[in-house]
Amino acid sequence: MKIKYKINEVKPKVFAVVIEDRYDRAMTFLRVQEFYESPNKKFRGKNFSIWDYIKWYGEEYGKGFTYGTDWGGFNIPLEIGYTCYDTLFDAYTPYDETMEEIIHKVYEMNGDDADGYIIGAGSTKGDTFQHEICHGLYATNKHYKDLVSEITLTIPTKDYLTFRNNLIKMGYTDKVIDDEIQAYLAFGHDYKPFTKGVSSKVCKELHKQYINVFNNF
């Protein structure tokens, strides 16, 4: 089984892994993404059985194992990927073999430095790709993070909590809330599962502020 992918450094220390097939992309990123930020503590930071994860996911969301169609974009710190596979004891899948290969290649492209970031998308065009770049910048560029964090602090508490609750329902964890808010409001400010309960006027105004910052990077 051969997974086709391409790797490009799209920002300093931010590497885009492009896998056109949506299912292959999701399954290639599954283990490292859930190791990084799974909402279930049984999997987050653990070297879990892929079969246990598949069973849990189907039961948790009540629609079978739909990971491959539920998620289109991915983002992980390079160091997290290394940590995941350095201690992995569960049987590898062909997708794990591909991701471990990708991690080693990105490490070499980054000058043998684990201080980098990997994003996954189906192409280098469109909002999903730009959304993931927001995550990459947030993790690798302190100036970008400081500027978008200043905007986040201006969000009225009621609206911030609504965004947070929506993100939790979508499957995100508390530790990535501010990161997801800046990325969605830059690229995804009209995505209903994220914005439900917040006026479109507020979302559009915040979008303008976040996108202005993004465009300067």
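Residues numbered from 1 in each chain as written. Predicted model: local features only at pLDDT ≥ 70, side-chain atom pairs only at ≥ 80, totals over all residues. Heavy atoms only, no water.

Topic: the packing of aromatic side chains
Now for step 1: Evaluation of the coordinates by the stated rule reveals 25 aromatic pairs.
Now for step 2: Look at F43 and F48: their rings are 5.2 Å apart centre to centre, the planes differ by 75°, and that puts the pair in the edge-to-face class. Across the pair, F48 and F43 agree in class, each one buried.
Now for step 3: Between the aromatic rings of Y53 and W56, the centroid separation amounts to 5.5 Å while the plane-to-plane angle is 55°, which identifies the pairing as tilted. Pair noted here: Y53 and W56 are both in helix α2 (residues 50-61), with a separation of three residues, about one helical turn.
Now for step 4: Take W56: its relative accessible area is 14%, and that puts it in the buried class. (Phe/Tyr/Trp six-rings, centres within 6.5 Å; stacked < 30°, edge-to-face > 60°. Buried < 20%, exposed > 50% of the residue type's maximum accessible area, 1.4 Å probe, protein only. Helix = DSSP H or I, 4+ residues; strand = E, 2+ residues; numbered from the N terminus.)

Re the sheet that holds strand β1 (residues 6-11)
Now for step 1: An order of β1-β2-β4-β3 is seen for the four strands of this open sheet, with the pairing classed as mixed. Strand pairing shows two members of the sheet lacking a second neighbour, β1 and β3 (74-77), which therefore form its edges. The sheet shows a mean angle of 25° between the axes of neighbouring strands, direction not considered.
Now for step 2: Two elements, strand β2 (residues 14-18) and strand β4 (residues 117-121), share five bridges in a ladder whose sense is parallel. Across the sheet, residue V17 finds its bridge partner in β4, namely G120. (Pairing = 2+ DSSP bridges. Axes fitted to C-alpha atoms, helices over the stretch in contact; angles between N-to-C directions.)

Quick notes on the nonpolar core
Now for step 1: F163, I181 and Y210 are the most contacted members of the largest nonpolar core, which totals 68 residues.
Now for step 2: Examining the composition of this core, we find that seven residues originate from one element, helix α1 (residues 22-37), more than from any other.
Now for step 3: Sequence-distant contacts of F163, defined by excluding residues within four places in its chain, comprise I155, I181, L185, F194, T195, V198, C203 and L206. (Core = buried A, V, L, I, M, F, W, Y, C linked by side-chain atoms within 4.5 Å. Contact = heavy atoms within 4.5 Å.)

Focus on the packing of helix α4 (residues 78-86) against helix α5 (residues 94-109)
Now for step 1: Axis separation between α4 and α5 bottoms out at 10 Å; the angle between their running directions is 135°. On the basis of the axis angle, α4 is oblique to α5. The element α4 and its partner α5 pack so that their crossing is left-handed. Listed contacts from α5 to L78, G81, Y82 and Y85 of α4 are D96, M99, E100, I103, H104, V106 and Y107.
Now for step 2: Residues that form the contact of α4 with α5 fall into these classes: seven nonpolar, two polar and two charged. (Parallel < 35°, antiparallel > 145°, perpendicular 65-115°, else oblique. Left-handed = near helix turned anticlockwise from the far one by under 90°. Nonpolar A, V, L, I, M, F, W, Y, C, P; charged D, E, K, R; others polar.)

Concerning the pairing of β4
Now for step 1: Taken across its five residues, β4 has five buried, putting it largely inside the fold.
Now for step 2: Every second residue of β4 is oriented toward a common face, with Y117, I119 and A121 on one face and I118 and G120 on the other, all of them buried.
Now for step 3: Pairing of β3 with β4 involves four bridges; the strand directions are antiparallel. Its bridge partner lying in β4, F74 is registered against G120.

Overview of the packing of helix α7 (residues 142-152) against helix α11 (residues 200-215)
Now for step 1: At a minimum axis distance of 10 Å, the contact between α7 and α11 shows a crossing angle of 170°. As summarised for this structure, α7 and α11 are arranged roughly antiparallel, according to the angle between their axes. Listed contacts from α11 to Y144, L147, V148, I151 and T152 of α7 are L206, Q209, Y210, V213 and F214.
Now for step 2: Residue classes in the contact of α7 with α11 are distributed as eight nonpolar, two polar and no charged.

Quick word on unusual backbone geometry
Now for step 1: Even without glycine at this site, K13 takes up a positive phi of about 70°.
Now for step 2: One can find K13 in the loop between β1 and β2.
Now for step 3: You can call K13 partly exposed: its relative accessible area is 26%.
Now for step 4: In this model, D112 sits at a positive phi of 55°, which is unusual for a non-glycine residue.
Now for step 5: Relative to the helices and strands, D112 resides in the loop between α5 and β4.

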